[in-house]
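Working through the structure, step by step
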Amino acid sequence: MDICIIGSGYVGLVSGACFAEVGHHVICVDNDQRKVDMLQKGHIPIYEPGLEEIVHRNVSAKRLRFTNSIQDGVDHSQVIFIAVPTPPQPDGSVDLSFIERVAREISEVLKKGEYRVVVDKSTVPVKTGEKVADTIRRYNKEADFDVVSNPEFLREGCAVPDLMNPDRVVIGSSSDRATDLMKRIYEPFQAPILVTDINSAELIKHAANSFLSLKISYINAVSAICEASGADVEMVADGIGMDKRIGRNFLNAGLGYGGSCFPKDVKAFIAIADELGVPFGLMKEVERINETMLERFLKKVRESLWVLKDKKIAVWGLSFKPDTDDVRNSLAIDLVNRLVQEGAQVSAYDPKGADKAREWKLIPDSVKLTKTPMEAVDGAEALLLATEWKEFANQDLEEVKKRMHTPMVFDGRNLFDPRMMKEMGFTYYGVGRQVIK
Ligand code: UGA
């Protein structure tokens, strides 16, 4: 099928590449000419395992191309996906101005008698589909189209496998004609397809992300009880996660959830519920717990190091999670900034995120960014692990110990085994775990 995707960010670019990979013809549109130029030259603006190969393969096979022209995309496609950002506003509600502008731009190029399906893939508040349809109709009375909601559930860092093998595909549609076209697009992925009304599909996305955030805050709240009672949160998570009704996924205690989805979507869901007159106190608590995690972690560091001013501290990890260079809304970045505010001398290492952290000025210039994890720990009085990259688990810990001034590790993601760390001579603090004396 001929598909156009407007917006070449994480969701748009990976979706476009994967749709092409299964044989569709895809045009990715972006209004950022620099990004389009880059993509046309074969450069991928984000780090996402497996993406570069897929993009190159499908560009060579002439199934994938890039343009800045919505007209070009709409003229040559049956289905038009909108995958533009929906950033938060200061009050937590969603800024829909990019979606609205794209809806108007699409309406300007839709032609009478040339049916198109306009699909909202961005994460949007319930009832946005109705507004997109109204907008297109208002600006083009003759347009022949349907609007569909098709939320995306891919995770950064494993976006390609998530897209190629989704748990489910949700299609919110009120038109059989549109639903049939959508099913044809997703047929090659062999995933279960759930067809719903548009409002339900939109709500599924916010409800899913909020539920996952809730799981994380739940285990983080339990981690505080573990610390206070002498239990180990990893064992507790294993024990409750073995119940199939609960599941072990997303029960990893740590610094809390970050990134450009969960914090924004929880806030948005709270704002949506408020606006609908059904306040969602539970999600407010989820958010509150998340906001306490960094402070709890820092308290532990201060309790051991006392004053942080002038202390040399190493931080491993800057990206908001492993396998991505995305440093937006990263708790690791917040941690570095807090340490610097308290006067610490910070050396940080991240396998992929360091350049963006510096380029986007997310951390002060005084933070030393090192080329290897070992360099970061040289002379450090404490090592703080903020992102659980596999690379960190594979370091030579004897060498780490030798290089550090004091072998003290604060593990914000419970990557290491406390007993093993103790045996190796480290003083080790995890989240929700006991310090083995
Ligand atoms: C999340 C959802 O998982 C995707 O399904 C969704 O499509 C995406 O948001 C989106 O809305 O676009 P993502 O933000 O890429 O994906 O990353 P996750 O793997 O969900 O992690 C989010 C945050 O939760 C990270 O900061 C991670 O460290 C934290 N987390 C995750 C925990 O603290 N504990 C866990 O057990 C799992």
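Here we summarise the structure given alongside this text. Small disclaimer: the values here were computed from a predicted structure and weren't measured.

**Observations regarding the sheet that holds strand E13 (residues 408-411)**
The strand order across the open sheet formed by six strands is E11-E10-E9-E12-E13-E14, and the pairing between neighbours is parallel. Each end of this open sheet is capped by a strand with a single partner; those strands are strand E11 (368-369) and strand E14 (427-429). When strand E9 (residues 312-316) meets strand E12 (residues 382-385), the two strands line up parallel, connected through four bridges. Note that in E12 the partner of isoleucine 313 across the bridge is alanine 382. Each of E9, E12, E13 and E14 touches helix H12 (residues 281-305); the most contacted strand, E13, lies at about 170° to it.

**Regarding the packing of helix H9 (residues 198-229) against H12**
At a minimum axis distance of 9 Å, the contact between H9 and H12 shows a crossing angle of 45°. In terms of orientation, H9 and H12 fall into the oblique class. The two elements H9 and H12 meet at a crossing, and its hand is left-handed. Seen from H9, the contacting residues are Ser210, Ser213, Leu214, Ser217, Asn220, Ala221, Ser223, Ala224 and Glu227; seen from H12, they are Leu282, Met283, Val286, Ile289, Asn290, Met293, Arg296 and Lys300.

**Re the pairing of strand E1 (residues 2-6)**
Counted residue by residue, E1 has four buried out of five residues, so it is predominantly covered. For the segment spanning E1, helix H1 (residues 10-21) and strand E2 (residues 25-29), crossover handedness is right-handed. Pairing of E1 with strand E4 (residues 79-82), which is carried by four bridges, proceeds in the parallel orientation. Of the residues in E4, the one forming a bridge with isoleucine 5 is phenylalanine 81.

**Let's talk about the nonpolar core**
Phe19, Leu51, Val79, Phe81, Met182 and Ile185 are the most contacted members of the largest nonpolar core, which has 41 residues in total. Sort the elements by how many residues they give to this core and H1 lands first, with seven residues. Excluding residues that lie within four positions of it along the chain, phenylalanine 81 makes contacts with Ile3, Cys4, Ile5, Ile6, Phe19, Val119, Lys121, Asn150, Met182, Ile185 and Tyr186.

**Quick word on the pattern of salt bridges**
Overall, the coordinates contain 34 salt bridges when judged by the stated rule. One connected set of salt bridges, linked through shared partners, spans Glu295, Arg302, Arg338 and Glu342.

**Here we look at the environment of isoleucine 54**
Its place among the elements puts isoleucine 54 in helix H3 (residues 51-60). Distance in space between the C-alpha atoms of isoleucine 54 and valine 160 is 9.0 Å, their sequence separation being 106 residues. When residues no more than four places from it in sequence are discounted, the contact partners of isoleucine 54 are Ala17, Glu21 and Val160.

**So, the site of the ligand**
Around the ligand sit 20 residues, and of these Phe153, Leu154, Glu156, Lys205 and Asn209 come closest. Between the ligand and phenylalanine 153, the relevant distance is 2.6 Å, taken from an oxygen atom to a main-chain nitrogen or oxygen of the residue. Glutamate 156 is positioned such that a nitrogen or oxygen atom in its backbone is 2.7 Å from an oxygen atom of the ligand. Within the complex, the protein chains bury 92% of what would otherwise be the 710 Å² of accessible surface of the ligand. Sorting elements by how many residues they give to the shell around the ligand places H9 first, with three residues. Per-class residue counts for the shell around the ligand are nine nonpolar, four polar and seven charged.

Rules used throughout
Residues numbered from 1 in each chain as written. Predicted model: local features only at pLDDT ≥ 70, side-chain atom pairs only at ≥ 80, totals over all residues. Heavy atoms only, no water. Pairing = 2+ DSSP bridges. Helix = DSSP H or I, 4+ residues; strand = E, 2+ residues; numbered from the N terminus. Contact = heavy atoms within 4.5 Å. Axes fitted to C-alpha atoms, helices over the stretch in contact; angles between N-to-C directions. Parallel < 35°, antiparallel > 145°, perpendicular 65-115°, else oblique. Left-handed = near helix turned anticlockwise from the far one by under 90°. Buried < 20%, exposed > 50% of the residue type's maximum accessible area, 1.4 Å probe, protein only. Right-handed = clockwise from strand over helix to strand, strands pointing away. Core = buried A, V, L, I, M, F, W, Y, C linked by side-chain atoms within 4.5 Å. Salt bridge = Lys/Arg side-chain N within 4 Å of Asp/Glu carboxyl O. Near = heavy atom within 4 Å. Polar contact = N/O pair within 3.5 Å; in protein donor to acceptor, adjacent residues only side chain to side chain. Areas by Shrake-Rupley, 256 points an atom, 1.4 Å probe, with all protein chains shown as cover. Nonpolar A, V, L, I, M, F, W, Y, C, P; charged D, E, K, R; others polar.

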